[in-house]
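# What the coordinates show
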Amino acid sequence: MSQSSAQKDQASQTVEGVLLDAVNLALHYEMASDDTVVVLGEDVATNGGVFRATVGLKDKFGFKRVMDTPLADALITGMAVGMASQGLKPVCEIQFMGFIFPAFEHLFCHAARLRNRTRGRMSCPMVLRAPYGGGIHAPEHHSESTEAIFAHVPGIRVVIPSSPARAYGLLLAAIRDPDPVVFLEPKRIYRAQSERVENDGVALPLDVCFTLRQGHDLTLISWGAMLTETLAAAEQLSQQGIEAEVIDLACIKPIDKSTILDSVEKTGRCVIVCEAAKSGSVAAEISAIIAEEGLTSLMAPVIRVSGHDTVMPLFKLEQQYMPSVDQVVIAANKVMEY
């Protein structure tokens, strides 16, 4: 079925849902629109995934397009690379980001290099989905935020949604992209926020930031689940008479430098908020971009509010690891002192 004819068959509807619902909607829409899209992973078919993101897909599209795999993350990714090289558009799921390391061989050595290796003759239109981040009282291997590892590898896009509507539009764009996309879903906000999602098949642009709040005193930059704390901090700062501009990075590789630099030029101050460990983080890359290309706009040093350079602790201490609203407010007040 062609995408245009399938879209005519799918009546656009507005759905009130959480981020998980939006992921499910996007998968349903794109699988109905494009019969080359397939889904594979551990428990994604019969059980609908550990978080139920793929519920209903097997019933609608059958086991040939929605496949349960063994507990073998290297196998899942290797199969996806092979499928993508032969005309399919696989969307593979790794149950938790902490289990993703066996997938590196195929993702880094083959998916990321296929276009370059074949001098453009082939591409690798695959999406690797994974729940990531802490905050749900899970063990440390279920709570990691290692997105910077993927951002360092040429040939891979890395996308992290922060709301249901953005999850829907960005996942559609990721599936339609001709190159590999790592799509990280912040599980702490899987069911935290409900909003209206237009199930119309309209993708959001990749490689751009989203400005969620206008301000003129300082720029707050974050992504994924930490936007919750960042927006709450912006509201507290507003009560102090400080108007913060809030930017959702959304695509952490490549980074939309122009939106960030334009905002810093306007405000002169910047605080970056992330859940990941500080050393070598995406926050460090953003700081470097601002230092190299926006230094003359700064009226204060860039401050990073992040997790710690240690293993994510067990759930009794995870709130001590993850940045809080108060920490963001304190950092913002510090840059305002300059």
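Residues numbered from 1 in each chain as written. Predicted model: local features only at pLDDT ≥ 70, side-chain atom pairs only at ≥ 80, totals over all residues. Heavy atoms only, no water.

### As for the sheet that holds strand E10 (residues 218–222)
Our working definition: Each pair of strands is called paired provided DSSP finds at least two bridges between the two strands. Note on conventions: DSSP H or I runs of at least 4 residues are helices, E runs of at least 2 residues are strands, and numbering of each starts at the N terminus. What counts as an axis is a line fitted to C-alpha atoms, over the stretch in contact for a helix, and the angles between N-to-C directions run from 0 to 180 degrees.
The 5 strands are arranged E9-E11-E10-E13-E14 in an open sheet whose pairing can be described as mixed. In this open sheet, the two strands that pair with only one neighbour each are strand E9 (210–213) and strand E14 (303–307). For this sheet the average axis-to-axis angle between neighbouring strands, irrespective of direction, equals 25 degrees. Relative to E14, strand E13 (residues 270–277) runs parallel, the two sharing 4 bridges. In the strand pairing of E14, Ile272 is matched with Arg304.

### Brief notes about the environment of Ala103
Worth spelling out the cut-off: Contacts are assigned to residue pairs with any non-hydrogen atoms lying within 4.5 Å of each other.
Assignment of secondary structure puts Ala103 in the loop between strand E4 (89–93) and helix H5 (104–111). Distance in space between the C-alpha atoms of Ala103 and Leu128 is 9.7 Å, their sequence separation being 25 residues. Setting aside residues up to four positions removed in sequence, Ala103 forms contacts with Asp73, Ala74 and Thr77.

### Digging into the pattern of salt bridges
Should their charged atoms come close, side chains of opposite charge can pair. Basically, it comes down to this: Counted as salt bridges are all cases of a side-chain nitrogen of Lys or Arg within 4 Å of a carboxyl oxygen of Asp or Glu. Burial here depends on accessible area, computed with a 1.4 Å probe over protein chains only, as a share of the maximum for the residue type. Under 20% is buried, over 50% is exposed, and the range in between is partly exposed.
With the rule as written, the count across this model stands at 13 salt bridges. Here Glu245 ties to Lys266 by a salt bridge, and the two come within 2.5 Å at their closest N and O atoms. Of this pair, Glu245 sits in strand E11 (residues 244–248) while Lys266 sits in helix H10 (residues 257–267), and the two are 21 residues apart along the sequence. Glu245 sits in the buried class, given a relative accessible area of 4%. A relative accessible area of 42% means that Lys266 is categorised as partly exposed. The partner of Glu293 in a salt bridge is Lys257, with the nearest N and O atoms 2.9 Å apart. Here Lys257 lies in helix H10 and Glu293 lies in helix H11 (residues 282–293), a separation of 36 residues in the sequence. With a relative accessible area of 45%, Glu293 lands in the partly exposed category. Owing to a relative accessible area of 35%, Lys257 belongs among the partly exposed residues under this scheme.

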